[in-house]
Amino acid sequence: MQNIPAPSVSDIVTDFLGSAPSLEEIATYQLPDELQKQAHDLLQKNRDGMLSNAEQAEMEEFRQIDHLLTLIKVKAKLKLKANS
């Protein structure tokens, strides 16, 4: 039996965006609880100086996706405000 890796944060976010969400859904989107917990755990391990190389790469992916989501959400909110 093969181990199927868990979807990455990029997979989760691109699946969401690929589902053609409304501007409202984009503006209020939050990562699933398990991913938020994983990000928090990685940040704590980073503060403690305990990250492995793989965990450092994962934390960097979270950082990049968070930055991109922030930009997308701001633009969605601006469009919603302009349309109201």
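The structure this text deals with has already been given above.
Residues numbered from 1 in each chain as written. Predicted model: local features only at pLDDT ≥ 70, side-chain atom pairs only at ≥ 80, totals over all residues. Heavy atoms only, no water.

K.L.:
Please explain the layout of surface pockets as it appears in this structure.
P.N.:
Which parts of space are left empty comes out when a probe the size of a water molecule is rolled across the atoms. Counted as a void, the largest pocket has a volume near 310 Å³. As for the largest pocket, its lining consists of 16 residues, and the residues nearest its centre are Leu-31, Gln-36, Ala-39, Phe-62 and Asp-66. Of all elements in the fold, only helix H3 (33-47) and helix H4 (53-83) reach the threshold of two or more residues within the lining of the largest pocket. If one sorts the elements of the lining of the largest pocket by residue count, H4 sits on top with eight residues. Here the residues of the lining of the largest pocket are counted per class, giving nine nonpolar, four polar and three charged. (1 Å grid on protein atoms, 1.4 Å probe; cavity = no way out; pocket = protein on both sides within 12 Å on 5 of 7 lines; lining within 4 Å. Points joined across faces, edges and corners; volume = space filled by probe spheres on them. Helix = DSSP H or I, 4+ residues; strand = E, 2+ residues; numbered from the N terminus. Nonpolar A, V, L, I, M, F, W, Y, C, P; charged D, E, K, R; others polar.)

K.L.:
What is the right way to look at the side chain of Glu-55 in this model?
P.N.:
Secondary-structure assignment places Glu-55 in helix H4. The class of Glu-55 is buried, set by a relative accessible area of 18%. Contact partners of Glu-55, with chain neighbours within four places excluded, come to Leu-42, Lys-45 and Met-50. (Buried < 20%, exposed > 50% of the residue type's maximum accessible area, 1.4 Å probe, protein only. Contact = heavy atoms within 4.5 Å.)

K.L.:
Would you mind going over the packing of helix H1 (residues 9-18) against H4 with me for this structure?
P.N.:
In a packed pair of helices, the relevant descriptors are the angle between the two axes and the axis-to-axis distance. Closest axis-to-axis distance for the H1/H4 pair is 10 Å, and the angle between their directions is 20 degrees. Relative to H4, the element H1 lies roughly parallel. Here Val-9, Ser-10, Val-13 and Leu-17 of H1 come into contact with H4, specifically with Glu-61, Phe-62, Ile-65, Leu-69 and Ile-72. Class assignment for the residues of the contact of H1 with H4 results in seven nonpolar, one polar and one charged. (Axes fitted to C-alpha atoms, helices over the stretch in contact; angles between N-to-C directions. Parallel < 35°, antiparallel > 145°, perpendicular 65-115°, else oblique.)

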